[in-house]
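# Inside the fold
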Amino acid sequence: MRTILIATSNPGKLRDFAGAAARRGIEIAGIPEFSSLPSVVEDGLTFEANACKKAEAYSRYVPGEIVVADDSGLEVDALNGAPGVHSARYAAPDMHNKEPHEADANTDDEANNARVLRELRGVPHARRTGRFVCVLAAARDGKTLATFRGTAEGIILEGPRGGNGFGYDPLFYFPQIGKTFAELTAEEKSQYSHRGAAFRDFLRWCDAEE
Ligand code: IMP
């Protein structure tokens, strides 16, 4: 069975990738000793820039292997695209008195969700549109080979719903099937999510490369 190395320590992301890969007979694994490798500063202005930076840096630790890194986040239209590339540390002003781009650590999901809800207070349902974006970069020996972008369009609810998933999933209502992302099974998430869409493009690219 073919194994793809994913550069992430986020168990939610690994779970999403494993769900999408299983049906294709591909095994997903983390990079060995990932947590002891120096972390990559995600200071890019776009999801693409951050995904490439991570994939290139981590691929240097596993010569000859294809390493996939993802950068992802939530774009809310009424917040001019925020939290965007700062999704993982959006609550930094609340938690650490720093702007997200200055923060050196992620902030927890609950605090990030609370900030989004606070900033959307009073915004009517019809204007609470947004999307999850995922960009994957595949790199080998420090060079990006290709990038893949997936999106999922939805509505930001006024409170959380559902117990699955991670991050902003409980706030993200997906009208296509009338559930929040935190109400999806792992299979449904891989079918409908931004990460699943980007990963399927990556798998097609892998097939073409063989
Ligand atoms: P990064 O890609 O590690 O920089 O972090 C992306 C952040 O975006 C996560 O910490 C979550 O807050 C959010 N995010 C990305 N993808 C998802 C998803 O599938 N569900 C919920 N939140 C997500």
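To be clear, the structure that these remarks concern was listed above.
Presented here is a report on the structure given in the accompanying data block. (Residues numbered from 1 in each chain as written. Predicted model: local features only at pLDDT ≥ 70, side-chain atom pairs only at ≥ 80, totals over all residues. Heavy atoms only, no water.)

### Regarding the overall build of the protein
Spelled out, the test is: Think of it this way: any DSSP run of H or I at least four residues long counts as a helix, any run of E at least two long counts as a strand, and we number them from the N terminus. Values of the radius of gyration come from C-alpha atoms, whereas the globule rule sets the reference at 2.2 Å times the count of residues to the power 0.38. Contacts: residue pairs with any heavy atoms within 4.5 Å of one another. Working definition of accessibility: Shrake-Rupley area with a 1.4 Å probe, residue cover restricted to the visible protein chains.
Of the regular secondary structure elements, the protein holds six helices and seven strands. Ordered by position from the N terminus, the helices and strands of the protein form the series β-α-β-α-β-α-α-β-β-β-β-α-α. The C-alpha radius of gyration of the protein comes to 17 Å, within 12% of the 17 Å expected for a compact globule of 210 residues. A sequence separation of at least 24 residues applies to 56% of the contacts in the protein between residues at least 6 apart. Approximately 10,200 Å² of the protein is accessible, and the part contributed by carbon and sulfur atoms is 49%.

### Description of the site of the ligand
This is how the line gets drawn: Nearness is judged by heavy atoms alone; a residue qualifies as near a molecule or strand once a single heavy atom is within 4 Å of it. Pairs of N or O atoms are called polar contacts if they sit within 3.5 Å, as long as, within protein, a hydrogen donor faces a hydrogen acceptor (for residues adjacent in sequence, only side-chain-to-side-chain pairs). As defined here, a cavity is a set of points on a 1 Å grid over the protein atoms alone where a 1.4 Å probe fits but cannot get out. A pocket is an open set with protein on both sides within 12 Å along at least five of seven lines, and residues line them when an atom is within 4 Å of a point. Each molecule is assigned to a cavity or pocket provided more than half of its atoms lie within 2 Å of the corresponding grid points. Residues were grouped as follows: Ala, Val, Leu, Ile, Met, Phe, Trp, Tyr, Cys and Pro as nonpolar; Asp, Glu, Lys and Arg as charged; and all remaining residues, including Gly, as polar.
Looking at the ligand, there are 16 residues lining it, with Lys-13, Ser-72, Asp-169, Lys-189 and Arg-195 nearest. In this structure, an oxygen atom belonging to the ligand sits 2.8 Å away from a side-chain N or O atom of Lys-13. Between the ligand and Asp-71, the relevant distance is 3.0 Å, taken from an oxygen atom to a side-chain nitrogen or oxygen of the residue. A molecule is said to occupy a pocket when more than half its atoms come within 2 Å of that pocket's grid points, and by this definition the ligand occupies the largest pocket. For the shell around the ligand, the secondary structure elements donating two or more residues are strand 3 (67-76) and helix 6 (194-209). With four residues, strand 3 is the single largest residue contributor to the shell around the ligand. Residue composition of the shell around the ligand, by class: four nonpolar, five polar and seven charged.

### Some details on the sheet that holds strand 6 (residues 172-174)
How we decide: Whether two strands pair depends on DSSP finding at least two bridges between them. Orientation is described by lines fitted to C-alpha atoms, with helices fitted over the stretch in contact, and by angles between N-to-C directions that extend from 0 to 180 degrees.
One open sheet accounts for seven strands, arranged 2-1-3-4-5-6-7; its pairing is mixed. Edge strands, defined here as strands with exactly one partner in the open sheet, are strand 2 (26-30) and strand 7 (179-180). Sheet topology note: the strand 1 (residues 2-6)/strand 3 ladder contains two bridges and is parallel. Across the sheet, Leu-5 pairs through a bridge with Val-67, a residue of strand 3. Against the sheet, helix 2 (residues 47-59) makes contact with strand 3, strand 4 (129-140) and strand 5 (143-156), and its axis sits at roughly 160° relative to strand 3, the strand it touches most.

### A few points about the packing of helix 1 (residues 11-22) against helix 6
What counts is decided by this rule: Angular relationships are summarised with four words: roughly parallel below 35 degrees, roughly antiparallel beyond 145, roughly perpendicular across 65 to 115, and oblique for the angles in between. Helix crossings fall into two classes, left-handed where the near helix is turned counterclockwise from the far one by less than a right angle and right-handed where it is turned clockwise.
Two elements in contact, helix 1 and helix 6, have axes whose closest approach is 10 Å; the angle formed by their N-to-C orientations is 50°. Viewed along their axes, helix 1 and helix 6 adopt a mutual orientation that is oblique. For helix 1 against helix 6, the interelement crossing comes out right-handed. Between helix 1, through Lys-13, Asp-16, Phe-17, Ala-20 and Ala-21, and helix 6, the contact on the second element is made entirely by Arg-195, Phe-199 and Leu-203. Looking at the contact of helix 1 with helix 6, its residues break down into five nonpolar, no polar and three charged.

### Details of the pairing of strand 4
The condition is simple: The buried label applies to any residue whose accessible area, calculated with a 1.4 Å probe on protein chains only, is under 20% of its type's maximum; exposed applies above 50%, and partly exposed to all values in between.
Counted residue by residue, strand 4 has 10 buried out of 12 residues, so it is predominantly covered. Judged from the 10 bridges that link them, strand 3 and strand 4 form a sheet pairing that is antiparallel. Note on strand 4: the bridge partner recorded for Ala-69 is Ala-137. Alignment of strand 4 against strand 5, held across 12 bridges, turns out to be antiparallel. Directly across from Thr-129, in strand 5, lies its bridge partner Ile-155. Adjacent in sequence and paired antiparallel, strand 4 and strand 5 are bridged by two residues, among which Asp-141 carries a positive phi angle near 50°.

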